[in-house]
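# Coordinate inspection notes
Here's the letter readout for the chains.
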Amino acid sequence: MSTPTDHGRPGSAPEVAPPVQNAPSPSHAERCRTLAQRARTATLCTLARDPAGYPYGSLVTVAVDAHGRPLLLLSALAEHTGNLKVRVEASLLVAEPAEGRADPLALGRMTLIGPCRPLEGAEAAAARTTFLATHPRASYYVDFTDFSFYRLDPVSIRYVGGFGRMSWVEADEYAAAEPDPLAADAARILEHMNTDHADAVLAYAKALAEIKDATGATMTSVDRYGFELDVITPAGPKVARLPFDAPVSTSDEVRKAMVALVREARGRST
């Protein structure tokens, strides 16, 4: 995996607080697998037949198999299906759900690049089971004779996790990575912490991230390893990441970890 590229930060961009020692975070491959696991729709880009050679983008529904490979249920009548019958080269853009966040360019997204081919026999049957588990309403048309299952086999993945966080992810790293176990509950956890425990979130920023002049803080993401904060200070915004003592995998484990960190933060401030 290549080294992430930083755009450089103009004076108005949030300052990154000094990293907390031993604050692990998900790898870009793990972040990509999490995006894939949560995806329900995506933008499929194929090579157009007319006008020939131009990228043709279309909205599709998507599910992923156990290796993170996108599964698509495509109609023979669709333009993108006709394109794939001539050229299998394709890409699929998957974006993090906005969930109330104001700036879409601050959200995570990835583009999976690779051949997209129809599946047959046992592979098609397995894709049908996986796809219907993700899109139960597709049972209405899944067996129409003009619909077939396709799979995009990634050869490379471009990940962008917001401003200054981006890299190319190797296909084997992506296949071996695991989705974050908190992904389905993350939005609820963030809302709960920011709405019901704003004082604790501010204490994390002041005592644990050591941003002593913080006047406000918002928890913006949470994963198995820790969480990230947007912090307001008189000098301008800052961002910070804080770790859990050990990786967590359930909401209850997150709650216990957050309580322990509140006690630590308040102990440091006395």
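Everything that follows concerns the structure shown earlier in this document.
A brief report on the enclosed structure follows. (Residues numbered from 1 in each chain as written. Predicted model: local features only at pLDDT ≥ 70, side-chain atom pairs only at ≥ 80, totals over all residues. Heavy atoms only, no water.)

Take the overall build of the protein next. Secondary structure assignment for the protein yields seven helices and 13 strands. Expressed as a percentage of the 270 residues in the protein, the buried residues total 41%. Long-range pairs, those at least 24 residues apart, make up 62% of the contacts in the protein between residues at least 6 apart in sequence. Carbon and sulfur atoms provide 55% of the accessible area of the protein, an area that totals close to 14,300 Å². (Helix = DSSP H or I, 4+ residues; strand = E, 2+ residues; numbered from the N terminus. Buried < 20%, exposed > 50% of the residue type's maximum accessible area, 1.4 Å probe, protein only. Contact = heavy atoms within 4.5 Å. Areas by Shrake-Rupley, 256 points an atom, 1.4 Å probe, with all protein chains shown as cover.)

Within the structure shown, the criterion is met by 18 salt bridges. Here Asp153 ties to Arg151 by a salt bridge, and the two come within 3.0 Å at their closest N and O atoms. A residue is classified by how much of its surface remains accessible, and Asp153, at 22% relative accessible area, is partly exposed. By relative accessible area, Arg151 is classed as buried at 12%. The network of salt bridges with common partners includes Arg31, Arg165, Asp223, Glu228 and Arg241. (Salt bridge = Lys/Arg side-chain N within 4 Å of Asp/Glu carboxyl O.)

Bringing a nonpolar patch on the surface into the picture now. On the surface, Ile113, Val155 and Trp168 cluster together into a nonpolar patch covering about 260 Å² of accessible area. Here Trp168 shows up in strand E10 (residues 166-170). Overall, the relative accessible area of 38% leaves Trp168 in the partly exposed class. (Patch = residues over 30% accessible without salt bridge, like charges linked within 9 Å, V, L, I, M, F, W, Y side chains within 5 Å.)

Right, let's get into the nonpolar core. Within soluble globular proteins, side chains that are nonpolar tend to cluster in buried spots. The biggest cluster of nonpolar side chains holds 31 residues, and the ones touching the most others in it are Tyr204, Met219, Val222, Phe227, Leu229, Phe244 and Met258. When contributions to this core are tallied by element, the ones reaching two or more residues are helix H5 (186-196), helix H6 (198-208), strand E11 (216-222), strand E12 (226-233), strand E13 (236-243) and helix H7 (251-269). The greatest single-element share of this core, amounting to seven residues, is contributed by H6. Dropping the residues within four chain positions of it, Phe227 is found in contact with Tyr204, Met219, Ser221, Val222, Ala240, Arg241, Leu242, Phe244, Met258 and Leu261. Formed by 26 residues, the second largest nonpolar core is a distinct cluster that contains Ala29, Val62, Met110 and Tyr159. (Core = buried A, V, L, I, M, F, W, Y, C linked by side-chain atoms within 4.5 Å.)

Turning our eyes to something else, we now look at the packing of H5 against H6. When two helices pack together, their arrangement is given by the angle between the helix axes and the distance between those axes. As a packed pair, H5 and H6 sit with axes 5 Å apart at the nearest point and diverge in direction by 95°. Viewed along their axes, H5 and H6 adopt a mutual orientation that is roughly perpendicular. Along its contact with H5, which presents Met193, Asn194 and Asp196, the element H6 presents Ala198, Val201 and Tyr204. Within the contact of H5 with H6, the residues separate by chemical class into four nonpolar, one polar and one charged. (Axes fitted to C-alpha atoms, helices over the stretch in contact; angles between N-to-C directions. Parallel < 35°, antiparallel > 145°, perpendicular 65-115°, else oblique. Nonpolar A, V, L, I, M, F, W, Y, C, P; charged D, E, K, R; others polar.)

A few words now on the side chain of His135. Relative to the assigned elements, His135 resides in the loop between helix H3 (121-134) and strand E8 (147-152). A polar contact is formed between the side chain of His135 and the backbone oxygen of Val62, at a distance of 2.8 Å. Excluding its chain neighbours within four sequence positions, the residues that come into contact with His135 are Arg40, Thr61, Val62 and Ala63. (Polar contact = N/O pair within 3.5 Å; in protein donor to acceptor, adjacent residues only side chain to side chain.)

Turning next to the packing of aromatic side chains. For the structure on display, the rule yields six aromatic pairs. Here the aromatic rings of Tyr140 and Phe144 are separated by 5.7 Å at their centres, their planes lie at 65°, and the arrangement is edge-to-face. Residue classification places Tyr140 among the exposed residues on the basis of a relative accessible area of 65%. A centroid spacing of 5.1 Å and a plane angle of 45° characterise the contact between Tyr141 and Phe147, whose relative ring orientation is tilted. Cluster of aromatic residues (ring-pair linked, three or more members): Tyr140, Tyr141, Phe144 and Phe147. Sitting over the face of the ring of Tyr174, Arg33 holds its NZ or CZ atom 5.5 Å from the ring centroid. (Phe/Tyr/Trp six-rings, centres within 6.5 Å; stacked < 30°, edge-to-face > 60°. Lys NZ or Arg CZ within 6 Å of the ring centre and 35° of its normal.)

Moving on, we get to H5. Listed in full, the buried residues belonging to H5 are Ala186, Ile189, Leu190 and Met193. Considered in projection along H5, the buried side chains sweep an arc of 95° and stay on one side of the axis. Seen from the open side of H5, the exposed residues pointing more than 90 degrees away from its buried face are Glu191 and Thr195. Residues of H5 that are buried in the fold lie against H6, E11 and H7. (Arc of directions from axis to C-beta.)

In the sheet, E11 pairs with E12 via six bridges, with the strands oriented antiparallel. Considered in E12, the bridge of Ser221 is made with Glu228. Counted along the chain from E11 to the antiparallel partner E12, the turn is three residues long. (Pairing = 2+ DSSP bridges.)

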